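Commentary on secondary and tertiary structure
Now for the letters of each chain:
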Amino acid sequence: MTPQTAAATELPAQYQPGEVETRRYERWAADGLFGVDPASDRPAYSIVIPPPNVTGSLHMGHALDHTMQDALIRRRRMQGYEALWMPGMDHAGIATQNVVERQLAEQDGKSRHDLGRDAFVRRVWQWKDEYGGRILGQMRRLGDSVDWSRERFTMDAGLSSAVGTIFKRLYDDGLIYRAERIINWCPRCLTALSDIEVEHSDDEGELVSIRYGEGDSAIVVATTRAETMLGDTAVAVHPEDARYAHLVGTEVELPFTGRRIPVVPDAHVDPSFGTGAVKVTPAHDPNDFEIGQRHDLPSITVLDEHGVITAHGPFEGLDRFEARPAIVAALREQGRIVAEKRPYVHAVGHCSRCNTTVEPRLSKQWFVKVEPLAKAAGDAVRDGRVAIHPPEQEKRYFAWVDNMHDWCISRQLWWGHRIPIWYGPAGEMVCVGPDEEPPSGEGWTQDADVLDTWFSSALWPFSTLGWPERTPELAKFYPTSVLVTGYDILFFWVVRMMMFGLYAMAGRQPFDQVVLHGLVRDQFGKKMSKSRGNVVDPLEWMDRFGADATRFTLARGVNPGADVAVSEEWAQGSRNFCNKLWNATRFALLNGATVAGPLPTELSTVDRWVLSRLHATVAEVDRLFEEYEFAKLCDTLYHFAWDDVCDWYLELSKPVLAAGGPAADATRRVLGEVLDVLLRLLHPVMPFVTDELWEALTGPGAGRSVMVAEWPTPDDARRDAAAENRIAVLQRIVTEVRRFRSDQGLKPGQKVAARLVFPADDAGVAAHEPLIRSLARLADAGDGFEPTASLTVADVEVALDTRGSIDVAAERARLEKDLTAARKERDGCAAKLGNEAFLAKAPEPVVGKIRGRLAAAEADIARLTDALEGLTGRG
RNA sequence: GGGCGCGUAGCUCAGCGGGAGAGCAUCCGCCUUACAAGCGGAGGGUCGCAGGUUCGAUCCCUGCCGCGCCCA
């Protein structure tokens, strides 16, 4: 096909997405359709993309997330909004450093320490330029209509300045502090982690009961971490535990070390767990750390940064997982092991980046004091300034913000925003703002750590718009309209962006709405994972089925609050739907459909019917978009396009178009109208095929695209209940005849002589007898017409002459089936109407409806009984 | 252990007080001049179990069983 207009006759019989998608995307970009103008008078609508990781590539989760955002943006753009979708990536501190360190080791056999900090960071930038951001090209394939001219990266100068600015502000406000605490430590990544970067799973470990001390003064503690006993500085029991009351205040000797440690009373101890006595290791357990604080216990660190035992005799140099059995064995030799349980299943934390078991570690780190920030974040939702969809997710949000721990923001990495704190020779500590000069002179050094990536990501909704500068973009597009992300990211993204947005922007929220979607799962509802081998690559789907089919499959699965199951079969179905649209448009163009001029004032019932259905669809889809009901709006469009338009309207139009004349002209215009509006409605979800077809239908032009066509608005004046009812009856008649034909085994091409009788014709269907005959393949009742069977729909009777070839047994089976259903219906209705309580208490409309159903059922029974009697003796 | 959610057709999911629905899959018949990536037709469900409220429960309430997720 040529890059020019696809004229009707040029459209191939099947839609080929590959070439169309590339060409369309390039054209949108060339025509500048993605960009926005902050100076425009149009109302603003804005979305910032949840920045993907610079090391990442597009997976199904992104594809879903982006499809939703793109659909929202495209609709608003068509509605005339200045619609900004902001693209970019985050620098993913740990992940990126890991990738580059691995590359360095493989290519040069060096560690980052061999290079030194500055050279290593330069190397990461080189890696980023060469390999980073693969996902950006993949977003183009998906059709993301982001404003590429505004692409941002969290390590850019501007965003780095934003990081420095907010750090200083928080520091000066006393909301950032440094403290020695137990933090989550990854012994492989060699850095601290925040609480949410730790994933808990129930793992098999062991529960060992160890006897400390001798004789009457002995006490037995239960632990899953025997190896940390070298750092114990107390044994704790519940203050009201009578079993140990006599031991509180005494001391026991700690094996191997000879240290004497006290037995302390602490309400934190659960008397029902294990023996009711626990070892206390303040340097290696967060709860023990708190017990230690309460009782003024020393903290003794016995594991180094790699998780290896330090000092302390025979166990020195052993990894924590080698030390555990070694220490248990040694204790057993001493007769101190009272009980052992394994496997003992308990929750264990793992590094979300490398899955290494996290080691609680006592160290000096930087923290954000979240209490006032989290309270503001909670209040913004509580008082309705920010709405969360679906609202059930609010509970999770509140549970989190109302119980948030201080946020550990320092990371022992080189790749990231270095903490802007300088330490002086005399113990001074100075926070240096982005526009300030660091203190000069002997002995001043900058803090070696960098900030958590999420610290910079939390600024994304305003740092990308130019903050801390007061830019036109910030004025126009902040607060952003909606944030779309998975519910699993609620705590990462939403909470942190809320905290920093409200803080930095004088109480103005970063977004008005939060839309949370589920996880993409496989066709059996199972989570996709490499180990399960059920991961589907969206790029492969785009290759095989097209980007539109991929997007439609995902969007059609989005029910608020639920996960999204997908499978190849459904992607195929979506591809088939693209092809259906393609061929419907092809048919229309081959038959002279047009969008020129106003709609004719004289319209047939069929034309009025389809326009009525069209505007019902417009209204429905519009409403569903507002409610983020993607599955339902996709379904509505699918059924309107396939059922109403393709199965019925196009078929009903064929005889009209074939006959020609003014009626055909009117239908050509209505056909053009229906497709024009339908393609516009579908465009946000299926941008490529709709653009290709819309141009073919409405003609080419510079800068013309369905992407910037007007979003349809529902027109109640086009709703026509009479026409809808009339066509509904017509459809039931046709369907009933087709059912008869199928039951009788008649060939689809075989015409059957029939006579149609319209006694009252309340619905006004009689005028459409030719259409009924056409769709049901009925011939005129000529001379010698002898009805051998009859069907009744509403008050219309269709008498058929099958010329003696009727299959009596099949017809009897059919009638008996209908009769059984009718009797069941009659009995059910009669039972209700025979119930005094029902008549007395049910509302009148309900009673009336049941009366009507009873009458209809009785009429059906009479008719079917007659028909069955007429059949006896024949065959 | 705490909290949230879910159990409806073979699969994935809608529906959430008055006639059990969709897509895909299945079965039957069709190359009907837009489309076989298609057309026409059909079968298939004591709506997890047990109680309760109600004239009426898949839908509301309680309990139980099973599953999932988050937090500790």
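Predicted model, so just to flag it, every value in this text is computed and none were measured.

What follows concerns the overall build of chain A. From N to C terminus, chain A includes 27 helices and 29 strands. In terms of overall size, chain A is more extended than a compact globule, its C-alpha atoms giving a radius of gyration of 37 Å where 875 residues would be expected to give roughly 29 Å. C-alpha extents for chain A along the principal axes are approximately 115 × 65 × 55 Å. Counting every position in chain A, which comprises 875 residues, the buried fraction comes to 54%.

Quick look at the protein's contact with RNA strand B now. The immediate surroundings of RNA strand B are formed by 51 residues, with Asn 583, Arg 586, Lys 817, Lys 841 and Pro 843 found nearest. Lys 395 is positioned such that a nitrogen or oxygen atom in its side chain is 3.4 Å from a phosphate oxygen of RNA strand B. Within the side chain of Glu 825, an N or O atom sits 3.2 Å from a base nitrogen of RNA strand B. Contributions of two or more residues to the surface near RNA strand B are made by α18 (568–590), α20 (630–659), α23 (721–744), α25 (808–833), α26 (836–841) and α27 (844–871). Per-class residue counts for the surface near RNA strand B are 19 nonpolar, 12 polar and 20 charged.

Moving on to the sheet that holds strand β29 (residues 796–801). Sheets are built from strands paired through backbone hydrogen bonds, the pairs being either parallel or antiparallel. Strands sit in the order β27-β26-β29-β28 across an open sheet of 4 strands; the sheet is mixed. At either margin of the open sheet sits one strand with a lone partner, and together these are β27 (778–779) and β28 (789–793). Bridge count between strand β26 (residues 752–757) and β29: 5 bridges; the pairing is antiparallel. Following the sheet pairing, Leu 756 is matched in β29 by Val 798.

Right, let's talk about the side chain of Glu 82 for a bit. With respect to the secondary-structure elements, Glu 82 resides in strand β2 (residues 82–86). For Glu 82, a relative accessible area of 9% translates into the label buried. Reaching out from Glu 82, the side chain makes a polar contact with the side chain of Ser 40 at a distance of 2.8 Å. Leaving out residues up to four positions away in the same chain, Glu 82 has contacts with Val 36, Asp 37, Ser 40, Arg 42, Pro 43, Ala 44, Tyr 45, Lys 476 and Phe 477.

Next up on the list: the pairing of β2. Taken across its 5 residues, β2 has 5 buried, putting it largely inside the fold. Going residue by residue along β2, you find Glu 82, Leu 84 and Met 86 tucked away on one face and Ala 83 and Trp 85 tucked away on the opposite face as well. Bridging between strand β1 (residues 44–48) and β2 involves 5 bridges; their strand directions are parallel. Residue pairing in the sheet places Ala 44 in a bridge with Glu 82 of β2.

Take helix α17 (residues 547–555) next. When you tally the buried positions in α17, you get 9 out of 9 residues, the bulk of the element. Burial in α17 covers these residues: Ala 547, Asp 548, Ala 549, Thr 550, Arg 551, Phe 552, Thr 553, Leu 554 and Ala 555.

Moving on: the packing of helix α10 (residues 371–382) against helix α11 (residues 393–401). Across the interface, α10 lies against α11 with an axial gap of 9 Å and an inter-helix angle of 160°. When the interaxial angle is binned, α10 and α11 end up roughly antiparallel. Like other packed secondary-structure pairs, α10 and α11 cross with a definite hand, here left-handed. Contacts between α10 and α11 pair Ala 374, Ala 377, Gly 378, Val 381 and Arg 382 from the former with Glu 394, Tyr 397, Phe 398 and Val 401 from the latter. Split into classes, the residues belonging to the contact of α10 with α11 amount to 6 nonpolar, 1 polar and 2 charged.

Residue placement: Gly 433 occurs in the loop between β19 (429–431) and β20 (445–446). For Gly 433, a relative accessible area of 5% corresponds to the buried category. Separated by 210 residues in the primary sequence, Gly 433 and Asp 643 have C-alpha atoms spaced 63 Å apart.

Take the environment of Ile 772 next. Positionally, Ile 772 belongs in helix α24 (residues 769–776). By relative accessible area, Ile 772 is classed as buried at 0%. Residues Ile 772 and Asp 644 lie 128 residues apart in sequence; the distance between their C-alpha atoms is 16 Å.

This part is about unusual backbone geometry. Glycine aside, the phi torsion of most residues is negative, and most peptide linkages are trans. Between His 389 and Pro 390 the backbone carries a cis peptide bond, its omega angle lying at -10°. Mapped onto the fold, Pro 390 is located in the loop between β15 (387–389) and α11. Backbone torsion omega between Tyr 478 and Pro 479 reads -5°, so that peptide bond is classified as cis. Along the polypeptide, Pro 479 turns up in the loop between α14 (472–477) and β22 (480–486). Positive phi is not limited to glycine here, since Tyr 628 has a value of about 60°. If you trace the backbone, Tyr 628 turns up in the loop between α19 (605–626) and α20. The exposure class of Tyr 628 is buried, given its relative accessible area of 11%. Positive phi is not limited to glycine here, since Ala 794 has a value of about 55°. Look at Ala 794 and you get partly exposed, because its relative accessible area is 48%.

Here we come to the packing of aromatic side chains. Using the criterion set out here, one finds 31 aromatic pairs in the structure. Ring geometry for Tyr 25 against Phe 34: centres 5.0 Å apart, planes inclined by 40°, an arrangement best described as tilted. Summarising the burial analysis for this pair, Tyr 25 and Phe 34 share the class buried. Connected via pairs of aromatic rings, a cluster forms that spans Phe 167, Tyr 171, Trp 366, Trp 407, Phe 455 and Phe 500.

One open sheet accounts for 3 strands, arranged β8-β7-β13; its pairing is antiparallel. Single-partner strands in this sheet number two, and they are β8 (219–223) and β13 (337–351). When strand polarity is set aside, the average angle formed by the axes of neighbouring strands in this sheet is 20°. Two strands pair when backbone bridges link them, and strand β7 (residues 198–212) and β13 are joined in this way by 12 bridges, in the antiparallel orientation. Note that in β13 the partner of Ser 201 across the bridge is Val 348. Contacting β7 and β13, helix α9 (residues 320–333) runs over the sheet at an angle of about 165° to β13.

All right, on to helix α6 (residues 134–142) then. Side chains of residues three or four places apart in an α-helix project in the same direction, reflecting 3.6 residues per turn. The set of residues buried in α6 consists of Ile 135, Leu 136, Gln 138, Met 139 and Leu 142. Buried residues of α6 fall within an arc of 165° about the axis and therefore sit on the same side. At the C-terminal side of α6, Gly 143 shows a positive phi close to 100°.

All right, on to the confidence of the model for chain A then. With 98% of its residues at a pLDDT of 70 or more, chain A has an overall mean of 90. Note that residues 1–6 has pLDDT below 50 and, in this model, 17 contacts with residues that lie over four places away or in other chains. With a pTM of 0.90, the predicted complex shows an ipTM of 0.95.

Within the secondary structure, Val 100 sits in helix α3 (residues 93–108). C-alpha of Val 100 to C-alpha of Val 121: the two residues are 21 residues apart in sequence and 9.6 Å apart in space. Leave out the neighbours within four places in its chain, and Val 100 touches Phe 120, Arg 123, Val 124 and Trp 127.

In terms of nonpolar packing, the biggest core is built from 212 residues, with Tyr 397, Phe 455, Met 499 and Phe 500 touching the most fellow members. Considering every element that reaches this core, the biggest residue donor is α20, with 14 residues. Leu 247, Ile 309, Phe 315 and Ala 330 belong to the second-largest nonpolar core, a separate cluster that totals 27 residues.

Moving on: the packing of α17 against α18. The N-to-C vectors of α17 and α18 enclose an angle of 120°; their axes lie 8 Å apart at closest approach. It follows from the interaxial angle that α17 and α18 lie oblique. In this structure, the crossing between α17 and α18 has a hand that is right-handed. Contacts between α17 and α18 involve Asp 548, Ala 549, Phe 552 and Thr 553 from the first element and Trp 570, Ala 571, Ser 574, Arg 575, Phe 577 and Cys 578 from the second. Taken together, the residues of the contact of α17 with α18 break down into 6 nonpolar, 2 polar and 2 charged.

Parameters and conventions
Residues numbered from 1 in each chain as written. Chains lettered and ligands numbered in written order. Predicted model: local features only at pLDDT ≥ 70, side-chain atom pairs only at ≥ 80, totals over all residues. Heavy atoms only, no water. Helix = DSSP H or I, 4+ residues; strand = E, 2+ residues; numbered from the N terminus. Rg over C-alpha atoms; globule rule 2.2 N^0.38 Å. Buried < 20%, exposed > 50% of the residue type's maximum accessible area, 1.4 Å probe, protein only. Near = heavy atom within 4 Å. Polar contact = N/O pair within 3.5 Å; in protein donor to acceptor, adjacent residues only side chain to side chain. Nonpolar A, V, L, I, M, F, W, Y, C, P; charged D, E, K, R; others polar. Pairing = 2+ DSSP bridges. Contact = heavy atoms within 4.5 Å. Axes fitted to C-alpha atoms, helices over the stretch in contact; angles between N-to-C directions. Parallel < 35°, antiparallel > 145°, perpendicular 65-115°, else oblique. Left-handed = near helix turned anticlockwise from the far one by under 90°. Phe/Tyr/Trp six-rings, centres within 6.5 Å; stacked < 30°, edge-to-face > 60°. Arc of directions from axis to C-beta. pLDDT = per-residue confidence, 0-100. Core = buried A, V, L, I, M, F, W, Y, C linked by side-chain atoms within 4.5 Å.

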